[in-house]
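Examination of the molecular architecture
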Amino acid sequence: MMKARTVFLVLLTAGVVGTAAWLVFFSPVLGVRSVEIVGNVTLPAEKIRETAGVAELHPLATVNLTDVQARVQAIRQVASVKVDRVWPGTLKIEIVEREPVAQVAAGGKAALLDKLGVVIEVVDVVPPLVPVLKVARPGAGDPATMAALRVIGSLPGEIGGRVRQVSATTAEDVTLTLSDGRTIIWGGVDRPEDKARILTSMLRRKAEVYDVSSPDVITLK
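Below is a summary of the structure that appears in this document. (Residues numbered from 1 in each chain as written. Predicted model: local features only at pLDDT ≥ 70, side-chain atom pairs only at ≥ 80, totals over all residues. Heavy atoms only, no water.)

1. Notes on the sheet that holds strand β2 (residues 78-86)
Pairing within the open sheet is mixed, and its three strands lie in the order β1-β3-β2. At either end of the open sheet lies a strand with only one pairing partner, and these are β1 (34-38) and β2. Between one strand axis and the next, the sheet turns through 20° on average, direction left out of account. Two strands pair when backbone bridges link them, and β2 and strand β3 (residues 90-97) are joined in this way by eight bridges, in the antiparallel orientation. Following the sheet pairing, V86 is matched in β3 by T90. Strands in contact with helix α2 (residues 45-52) are β1 and β3; relative to β1, the strand with the most contacts, it is inclined by about 125°. Sitting on the sheet, helix α3 (residues 65-73) touches β2 and β3, and the angle it makes with β2 is about 150°. (Pairing = 2+ DSSP bridges. Helix = DSSP H or I, 4+ residues; strand = E, 2+ residues; numbered from the N terminus. Axes fitted to C-alpha atoms, helices over the stretch in contact; angles between N-to-C directions. Contact = heavy atoms within 4.5 Å.)

2. Details of the pattern of salt bridges
If you walk through the whole model with that rule in mind, you get eight salt bridges. The partner of R98 in a salt bridge is D114, and the shortest N-O contact between them spans 2.7 Å. With a gap of 16 residues between them, R98 in the loop between β3 and β4 (102-106) and D114 in the loop between β5 (109-113) and β6 (119-123) connect regions that are remote in the sequence. Of the two residues, R98 and D114, both sit in the buried class. Via salt bridges that share partners, R191, D194, R197 and D216 belong to a single interconnected network. (Salt bridge = Lys/Arg side-chain N within 4 Å of Asp/Glu carboxyl O. Buried < 20%, exposed > 50% of the residue type's maximum accessible area, 1.4 Å probe, protein only.)

3. What about the pairing of β4?
Direction of pairing for β4 relative to β5: antiparallel, over a ladder of five bridges. Bridged to Q103 within β5 is L112. What sits between β4 and β5 in their antiparallel hairpin is a turn of two residues, with G107 showing a positive phi close to 60°.

4. Looking at the nonpolar core
Core analysis: the biggest nonpolar cluster contains 30 residues, and L133, V166, V174, L176, W186 and L199 have the highest contact counts within it. The set of elements that each furnish at least two residues to this core consists of β4, β5, α4 (143-154), β8 (163-167), β9 (174-178), β10 (183-187) and α6 (192-202). For this core, the leading source of residues is α4, giving six residues. Setting aside anything within four residues of it in sequence, one finds V166 in contact with P131, V132, L133, K134, A148, I152, V174, T175 and L176. Counting 18 residues, the second largest nonpolar core, distinct from the first, contains I37, L43, I75 and I93. (Core = buried A, V, L, I, M, F, W, Y, C linked by side-chain atoms within 4.5 Å.)

What follows is the structure in structure tokens.
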């Protein structure tokens, strides 16, 4: 009698576990009922959902988060992605979009670059507050491009918002042009805090050219 009861309990437990496993891993009961998109500013949520490629009611437990992340990460405008399960039926996709920091002329249009030199998109309407980048070979592998982008990223807001053009022939001769036509010879990417601090003060003085390439010896022309 005791043996039969034991067998019954084992079978009952196995049945419960099997049912639970079926509900979690195979049944649509705990399937994906919504895909929540967080962090998108310019990217349409529907485009992200389509790229994620997760079918409605697909068991949430078996969604391959790594694959979903890789597909969404492939969208050019996406800088980073985090994918999580939110029980009982939500897949949460949190993204950080690439931000344009410079633009490069591209056949009458403008190619927008992020801080890493990645082309985010090519647009017809040129953004007025995104500085124009003037380098011989714009791209992530070009030292002059990367130096110019690093300089843009190091500028304090009160200066960065006034920069309309950034040019460089090498990584050591970055030059900025402000909205009022004044020129700033920045030089290399070294000592950005010192250069910014000195430049903020020097811009109060009337001049056409401000050379802060060597923060210890400032030249105004």
